[in-house]
Amino acid sequence: MDLLKSIRWALTCTLAFAFSGCIEFEEQTVHWRYFAEENVLLMTCRYGGIYGGEAKKGKKNAEKRPVPKLGDGEIKQLESVMLGGRAFFFNNWIFEFNRKQLEQGLREIGDALEIPKAQIMRLLLQETRVHNLGFYLDEKGRLCGAQTVRISRVKQAVGLANRLVADMLLEKVEDQLNQGDDSSREKKSVPGTSLSPVNLLKRLERVPFERLRLSGITRISGKYRINLVDPEKGSSVWVIEGRKSSGYELLSVNYLRGFARIRKNGQTATVHLQSRLVEVDKEGEGLSLETMKLWASAAQENHPFIRLNSSGIVFQVPIASREFEDFKKQAKLPGGIGITYAEDLLRLNLNQTSTKGGILHKKCFPGYLPNAVKHVRGKYGLRNRAEVEKEMQRFMRLP
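Everything numeric in this text was worked out from a predicted model, so none of it was measured.

A word on the pairing of strand 16 (residues 312–318)
- With seven of seven residues buried, strand 16 lies mostly within the body of the structure.
- Side chains G312, V314, Q316 and P318 project from strand 16 onto one buried face, and the interleaved I313, F315 and V317 project onto a second face that is buried too.
- Note: strand 15 (residues 306–309) against strand 16, four bridges, orientation antiparallel. For L308, the partnering residue across the bridge sits in strand 16 and is I313.

Quick look at the packing of aromatic side chains
- A complete count under the given rule lists five aromatic pairs for this structure.
- Between F324 and Y341, the ring centres sit 4.2 Å apart and the planes meet at 5°, which makes this aromatic pair stacked. Of this pair, F324 sits in helix 8 (residues 321–330) while Y341 is found in strand 17 (residues 338–342), placing the two residues 17 residues apart along the sequence.
- Relative accessible area serves as the criterion here: at 9%, F324 is assigned to the buried category.
- The exposure class of Y341 is partly exposed, given its relative accessible area of 24%.
- Taken together, the aromatic side chains of F25, Y47 and F365 make up a single cluster linked through ring pairs.
- In this structure, K264 packs its charged tip against the face of Y248, placed 4.4 Å from the ring centre.

As for helix 8
- Burial in helix 8 covers these residues: E323, F324 and F327. The buried residues of helix 8 occupy an angular sector of 105° when projected down its axis, which confines them to one face.

Some thoughts on the pattern of salt bridges
- Tallying each qualifying case throughout the model produces 13 salt bridges.
- R142 serves as the salt-bridge partner of E26, at 2.8 Å between the closest nitrogen and oxygen. Taken together, the residues span a long stretch of sequence, with E26 in strand 1 (residues 23–35) and R142 in the loop between strand 5 (128–137) and strand 6 (143–152) at a distance of 116 residues.
- Residue R142 is classed as buried on the basis of its relative accessible area of 9%.
- Residues E127 and R153 are paired through a salt bridge, measuring 3.6 Å at the closest nitrogen-oxygen approach.

Reading the values: rules and limits
- Residues numbered from 1 in each chain as written.
- Predicted model: local features only at pLDDT ≥ 70, side-chain atom pairs only at ≥ 80, totals over all residues.
- Heavy atoms only, no water.
- Buried < 20%, exposed > 50% of the residue type's maximum accessible area, 1.4 Å probe, protein only.
- Helix = DSSP H or I, 4+ residues; strand = E, 2+ residues; numbered from the N terminus.
- Pairing = 2+ DSSP bridges.
- Phe/Tyr/Trp six-rings, centres within 6.5 Å; stacked < 30°, edge-to-face > 60°.
- Lys NZ or Arg CZ within 6 Å of the ring centre and 35° of its normal.
- Arc of directions from axis to C-beta.
- Salt bridge = Lys/Arg side-chain N within 4 Å of Asp/Glu carboxyl O.

This is the structure we're talking about:
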């Protein structure tokens, strides 16, 4: 299960749009500052080492071919940025702000303008201002660019984002519970509307793998049949290969070694013959039962997934230890984000000082080539680096 994808999904509040092209940058630094009294978030985005990525095409791990100039697609990408209303954050690890795509998203939502997704999209369109400071060469001679971003009414955006994150995590839980259940597809909720965490918690309680044992295995007419026993209830059920019984599905059988793999409500497990133990799968694409329960409970309790104050920003999501270990292996966080885990709660901390704010930095696309310098110099011009630096410093002092 790619938990990192789910965490990104929650962080972006569905506003992440892929950077579908080949303009790349070696690194990015984001200087941010939240003014609590004014309820304003300011950011400067510095893109270091901008180049055309066409040189990366070809065989995997092949030596990069030098490309002397930008392709048509890359030129159009630069134009879309220079027209304003578009800013990238760490090759979209966090998100991309794209005004045109947000406007398109609102049009697609249509009349459902009161759902949190539509509300936050509309608020960001109204309250976000992106300004291009232009291009310049850094001390290494690399092509660089800079932008300023101003977002007002940030507390309102965070409030909507918390509602949206809760809805999205519940959708992930429901999708897994409905996996492989054709009858549940007709009951699936309308996208963007709130699910009932209470109902999902009730469904999650009906996954009692820890009580099961396997009392028998047989094969009739080429199909395996297993007998699952619940010792605490004193009940049993026969599950036939290719059918469902009491919600259980038989995935595979190892007759010689005496165990079977079963699935119910999106969870898979290995049950052993004459054993009161069951091994819930540790690998695979599904969320753990524990994490699904944590997400449903958090939504029910109006858990603040995002917290914002004068000290900084905290993203906090409850997950089981299994998913946290997966997250640690996969996540490549920008510098400036602290990570903690305690009592089933993952926290990503972005701290700021009262006078300077906070700084995030990340290596993005290594392998800079000077193949965009000529085009940018000819069409947009290159600014003095010191002047750009001063403008960014002035911007961060103004709420």
